[in-house]
Amino acid sequence: MKRVDIVNAIYSACDEDMRLTKSRSGQLKSITTMHYIRALLPERAKVLEVGAGTGRYSVVLAREDYDVSAVELVERNLGRHRTIRRHVGRCLFRPLRHANSSIYLQ
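Basis of the calculations
- Residues numbered from 1 in each chain as written.
- Predicted model: local features only at pLDDT ≥ 70, side-chain atom pairs only at ≥ 80, totals over all residues.
- Heavy atoms only, no water.
- Helix = DSSP H or I, 4+ residues; strand = E, 2+ residues; numbered from the N terminus.
- Buried < 20%, exposed > 50% of the residue type's maximum accessible area, 1.4 Å probe, protein only.
- Contact = heavy atoms within 4.5 Å.
- Areas by Shrake-Rupley, 256 points an atom, 1.4 Å probe, with all protein chains shown as cover.
- pLDDT = per-residue confidence, 0-100.
- Core = buried A, V, L, I, M, F, W, Y, C linked by side-chain atoms within 4.5 Å.
- Patch = residues over 30% accessible without salt bridge, like charges linked within 9 Å, V, L, I, M, F, W, Y side chains within 5 Å.
- Salt bridge = Lys/Arg side-chain N within 4 Å of Asp/Glu carboxyl O.
- Expected span 1.5 Å × (residues − 1).
- Arc of directions from axis to C-beta.

> When you look at the overall build of the chain in this model, what are you seeing that I'm missing?
What the chain contains, in helices and strands, is five helices and three strands. Order of helices (α) and strands (β) in the chain, N terminus to C terminus: α-α-α-β-α-β-α-β. Looking at the chain residue by residue over its 106 residues, the buried ones come to 33%. In the chain, 47% of the contacts between residues at least 6 apart in sequence involve partners at least 24 apart. Split by element, the accessible area of the chain, about 7,100 Å² in all, is 54% carbon and sulfur.

See the structure below:
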């Protein structure tokens, strides 16, 4: 089995958005992560989120006027990205096509 298939199988078994919004630990992780991202990012920075999941952080940053590119491997999450792209103009989502140490953008 290829690495990409293994990763897709693992992440297709759960709802990543629900994990970050419905559980207390997921909410705490999301709030804490955004706190540190905002604290460390300079204004108007360009952001590359690798392994963007459902785009939760990318969308927030794009709405805050950061220039965001996000890449993701999991097919289920890419479907969510396509939906989000219609609502957030400044966030560019790209599929990650190779699950190895190199990153290739389309």
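> Explanation requested: the confidence of the model for the chain in the structure shown.
Detail in the predicted coordinates should be disregarded across regions flagged by low pLDDT. Here the chain averages 75 in pLDDT, and 75% of its residues register 70 or above. Taken element by element, the chain is modelled with least confidence in strand S3 (residues 91–95), mean pLDDT 60, and with most confidence in helix H3 (residues 24–40), mean pLDDT 91. In this model residues 98–106 is a low-confidence stretch, pLDDT under 50, and it forms 15 contacts with partners more than four residues away in sequence or in other chains.

> Looking at this structure, how should I read the nonpolar core?
For soluble globular proteins, nonpolar side chains are generally found buried alongside one another. Ranked by size, the top nonpolar core spans nine residues in total: Leu20, Met34, Ala45, Val47, Tyr57, Leu61, Ala62, Tyr66 and Val68. The biggest single contributor to this core is helix H4 (residues 56–63), with three residues. The contacts of leucine 61, once residues within four sequence positions are left out, are Met34, Ile37, Leu41, Val47, Tyr66 and Val68.

> Please explain a nonpolar patch on the surface as it appears in this structure.
Nonpolar side chains collect at one region of the surface, where Met1, Ile6, Ile10 and Tyr11 lie side by side and expose about 460 Å² of accessible area between them. Tracing the backbone through its elements, the reader meets isoleucine 10 in helix H1 (residues 3–12).

> Honestly, H3 in this entry has me stumped. Any pointers?
Note: α-helices contain 3.6 residues per turn, so residues at a spacing of three or four share the same orientation. For H3, built from 17 residues, the straight-helix expectation of 24 Å at 1.5 Å per residue is met to within 8% by its first-to-last C-alpha distance of 24 Å. Looking at H3, one finds that the buried residues are Gly26, Ser30 and Met34. Viewed end-on, H3 has its buried residues packed into an arc of 65°, placing them on one side of the element. Opposite its buried face, H3 presents the exposed residues Arg24, Ser25, Leu28, Ile31, Ala39 and Leu40, each directed more than 90 degrees away.

> Looking at this structure, how should I read the pattern of salt bridges?
As a working rule, side chains carrying opposite charge can pair if their charged atoms are close by. Using the criterion set out here, one finds one salt bridge in the structure. Of the charged contacts, one joins arginine 38 and glutamate 64 as a salt bridge, the two residues approaching to 2.6 Å between their closest N and O atoms. Of this pair, arginine 38 sits in helix H3 while glutamate 64 sits in the loop between H4 and strand S2 (67–72); the two residues are 26 residues apart in sequence, bridging distant segments of the chain. By relative accessible area, which is 40% here, arginine 38 ends up partly exposed.

> I keep staring at the environment of arginine 44 and nothing clicks. Help me out?
Mapping arginine 44 onto the fold places it in the loop between H3 and strand S1 (46–50). The exposed category is assigned to arginine 44, whose relative accessible area is 69%. Along the chain, arginine 44 and glutamate 64 lie 20 residues apart, while their C-alpha atoms are 9.0 Å from each other.

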